[in-house]
Structure formats: C-alpha cells, structure tokens
Amino acid sequence: MKTYDKFLKYYDEIVRGVNSPLEEEVEFLIEDVINEHKPDTKNILETACWTGVIAREIIKKWYSVTWLDMSENMLKMAEVNLKTSPLTPLLRRRGGGQKKDAGLVLADMTDFDLEETFDTVLCNYNSICHLLKWEDWVKFIEMANKHLEKDGLFVFDINTLYEFENITKDFAQFYTFWDDNVCLEMFKVGWYFEWLVKIYEKSDDGRFDLTTEVVRENSFPISKIEKELKQQGFKVLEKIDYHYGEVTAKSERVYFICKKK
Ligand SMILES: C[S@@+](CC[C@H](N)C(=O)[O-])C[C@H]1O[C@@H](n2cnc3c(N)ncnc32)[C@H](O)[C@@H]1O
C-alpha cells in the first residue's frame, strides 16, 4: 500500500494551510524554543524533514540546516524547495570557507551516522509517530543523542494517544483542492493507528479517479517517553501543549524540549 505518494501533493495544504499554519509554527520554534533554550544554535539537524518546509524557513535565521528523510521523493522536493528559495544566493555566499550550509541526507532516523554533531536536533509535526514500535522511538532518541553537542537541544512533538483515539472516533475529514477531493479517516489497527487516505482526482474527461493510500502512526504515554529521555541522559526542560500551553491528560499535540546533559 502506498504512503504519501499522491497524498504528498495535498499534505502541505491540509497541514500547513488548514491545521497548523507554517508561519506560526516556525515562529514558535525559533522564538519560544531555540532562542529561549539554545540561542547560540548555529547548526540544526532536521529529521523527517519532509519537503523541507520547516528547514527552508528556519535557515533564514542564519542557521545551517541538514535535512534528513528516508524518502527519496521527499528529498527531491526538498532540493527543489531549497533551489527555488530566495535564499539561494545567500547560501552560496555563506558557503565559502564554512561548513556546508544545507545538506540533504537520505537515511532512516532510527539508524544513521553523520559523523558530526549539531547544536539542535528537530523532529517536527509528530513525525516521530511514524515509528510504530517503541524500540524505534528508543533508537531515534539514541540517534539524536549521538548527533548532539553537549548542552545541545533536542526538540520533537507527538500526537498523543488521546488525540489518536479521538480521531478514530471522529467523522471522516473532507477537503477540496482545485478539482480534487481528499477524504481522511483514522482507524486503530491492532497496536497502531492508520490513516486511510482517499484521493478523488478529476480527470480530463470529467470523471474522478480514486487512489487509496495509508499512513501508519503510533504514540506512547508521555510519562514513558519522558522516562526514556531521562534514562538516555536528557534533561526535559519543558513539555508544551502546542495548542494550550499546559500539558494535561487531554493534550492533543505535545512538544518535548530537551537538553543533552
Ligand atoms: C508528517 S511528514 C513530516 C512533516 C514535516 N516534518 C513537517 O514539519 O511538516 C513525515 C515524514 O517522516 C518521514 N519518515 C517516516 N519514517 C521515517 C524514518 N524512519 N526515518 C526518516 N524519515 C522518516 C517521511 O518520509 C515523511 O517525510
């Protein structure tokens, strides 16, 4: 079953246009997270970088960003995003004599070795939830640890179990983009959750072609994640409910802001 193949085309419109506008999230990451907890950040590793929508924005703040994803398709789009960025001349100027300013890495975030360390490691928009097994969450935390400087910042967010359970009880979500219709439904499939994505694309003869894709996700209790972070030597500086600030049993999306001790 395909994942993010055609859905890629609509995802940013849904996530960044409707659910969580990009400008707000970038401002939150820069002002409330990096400037607050690691203002001397110079280089950032963004894991599960998708098409580079976040990296493309944060690099404007004179950060050097390495973009990592396991999907070649995503990285190709990230490369286009990077090349068409108004920053390209700036990047070229910054290139001379410095370490690379933007690097694209095709890798699995549970197992990679870049042979360098970063001031900040990011994993944004509940991308960690794409790791279905707890042992992979543990491995990803290990990878972040390995690639961080001492005192480095590790920032990621999750969709909580509460949120996933709620979505499975919700009605399907419908979106219309251009002439196409997208329908999203979430189901609990045993021990993980699955988005069923139905895309109805209008063809030249006016008929609609249906494509079905799935996106699998999972989550774990906040206390379990926090315990693992501490066991691996991180200090959890803050947990933030992205919508309401204070984390409660009904939080839907939670950011973990951690420091490598
Ligand atoms: C929800 S999208 C990322 C959204 C993006 N970070 C943002 O802020 O809008 C999830 C991404 O995770 C990537 N991904 C899933 N599993 C991965 C893994 N094991 N290693 C690296 N990337 C992975 C997918 O290819 C996809 O690009």
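Here the structure is a predicted model, which is why all the values come from computation and not from measurement.

Criteria and thresholds
- Residues numbered from 1 in each chain as written.
- Predicted model: local features only at pLDDT ≥ 70, side-chain atom pairs only at ≥ 80, totals over all residues.
- Helix = DSSP H or I, 4+ residues; strand = E, 2+ residues; numbered from the N terminus.
- Rg over C-alpha atoms; globule rule 2.2 N^0.38 Å.
- Contact = placed C-beta atoms within 7 Å.
- Pairing = 2+ DSSP bridges.
- Axes fitted to C-alpha atoms, helices over the stretch in contact; angles between N-to-C directions.
- Core = buried A, V, L, I, M, F, W, Y, C linked by C-beta atoms within 7 Å.
- Buried ≥ 20, exposed ≤ 12 C-beta atoms within 10 Å, placed from the backbone.
- Domains from an automatic or database assignment.
- Near = placed C-beta within 6 Å.
- Nonpolar A, V, L, I, M, F, W, Y, C, P; charged D, E, K, R; others polar.
- pLDDT = per-residue confidence, 0-100.
- Right-handed = clockwise from strand over helix to strand, strands pointing away.

**Points about the overall build of the protein chain**
Within the protein chain, the regular secondary structure consists of eight helices and eleven strands. Expected size for 261 residues packed as a compact globule is a radius of gyration near 18 Å; at 19 Å, the protein chain falls within 12% of this value. Partitioning the contacts of the protein chain with sequence separation of at least 6, the portion at a separation of at least 24 is 64%.

**Topic: the sheet that holds strand β9 (residues 208–217)**
Strand order in the open sheet formed by four strands is β6-β7-β8-β9, and the pairing between neighbours is antiparallel. Edge positions in the open sheet fall to β6 (173–177) and β9, since each of these has one partner strand only. This sheet shows a mean twist of 20° between the axes of neighbouring strands, independent of strand direction. As defined by bridge partners, strand β7 (residues 180–189) adjoins strand β8 (residues 192–202) across nine bridges and the pair is classed as antiparallel.

**Some words on the nonpolar core**
I58, I128, F140, F154 and V155 are the most contacted members of the largest nonpolar core, which has 48 residues in total. Counting residues per element, this core draws most heavily on strand β5 (residues 148–159), which supplies six residues.

**Details of the domain arrangement of the protein chain**
Accessible area lost when the parts come together is the quantity often used to give the size of an interface. Each assigned domain of the protein chain is listed with its residue range as follows: domain 1 (8–159 + 221–260) and domain 2 (162–217). Here the C-alpha centroids of domain 1 and domain 2 sit 26 Å apart. At the junction of the two partners, domain 1 supplies twelve residues and domain 2 supplies nine residues. A total of three residues in the side of domain 1 that touches domain 2 trace back to one element, the largest contributor, which is helix α1 (residues 8–19).

**A word on the site of the ligand**
With respect to spatial proximity, 18 residues lie near the ligand, and among them A48, W50, M70, S71 and Y125 are the closest. Residue composition of the shell around the ligand, by class: eleven nonpolar, five polar and two charged.

**Considering the confidence of the model for the protein chain**
Confidence in the prediction for the protein chain averages 89 pLDDT; 93% of positions are at 70 or higher. Low pLDDT (under 50) marks residues 88–100, which in the prediction has six contacts with non-local residues, meaning those over four places away or in another chain.

**Looking at the pairing of β7**
Every regular strand shows the same layout, with side chains that alternate between the two sheet faces. In terms of strand pairing, β6 meets β7 through five bridges, oriented antiparallel. Each residue of the ladder has a partner; that of Y175, found in β7, is V182. The hairpin turn running from β6 into β7, its antiparallel successor, is two residues long, and W178 in that turn takes a positive phi close to 55°. Once β7 ends, the chain turns through two residues before running back antiparallel as β8, passing G190 with a positive phi of about 65°.

**Details of the environment of N159**
Within the fold, N159 resides in strand β5. For N159, a count of 21 C-beta atoms within 10 Å corresponds to the buried category. Residues N159 and C183, spaced 24 residues apart in sequence, show a C-alpha to C-alpha distance of 20 Å. Here N159 is in contact with N126, C129, F164, E217, S219, E252 and R253, once residues within four sequence places are set aside.

**Thoughts on the environment of D5**
Of note, D5 is situated in the segment before α1. Taking the C-alpha atoms as reference points, D5 and F112, separated by 107 residues in sequence, lie 24 Å from one another.

**Section: the environment of E213**
Mapped onto the elements of the fold, E213 is located in strand β9. For the pair E213 and T248, spaced 35 residues apart in sequence, the C-alpha separation works out to 33 Å. Ignoring anything within four residues of it in the chain, the contact list for E213 reads M1, K2, T3, D5, K6, F7 and V197.

**Some points on the pairing of strand β4 (residues 118–123)**
The buried fraction of β4 is high, at six of six residues. Looking at chain direction, strand β1 (residues 43–47) and β4 are connected through four bridges and run parallel. Counted as the bridge partner of T47 is C123 from β4. In the sheet, β4 pairs with β5 via five bridges, with the strands oriented parallel. Note that in β5 the partner of F118 across the bridge is L148. The β-α-β motif built from β4, the intervening helix α6 (residues 134–146) and the parallel element β5 has right-handed crossover chirality.

**A closer look at unusual backbone geometry**
In this model, A48 sits at a positive phi of 50°, which is unusual for a non-glycine residue. Within the secondary structure layout, A48 lies in the loop between β1 and α3 (53–58). For A48, a count of 23 C-beta atoms within 10 Å gives the class buried. The backbone of W178 sits at a positive phi, close to 55°, despite the residue not being glycine. Within the fold, W178 resides in the loop between β6 and β7.

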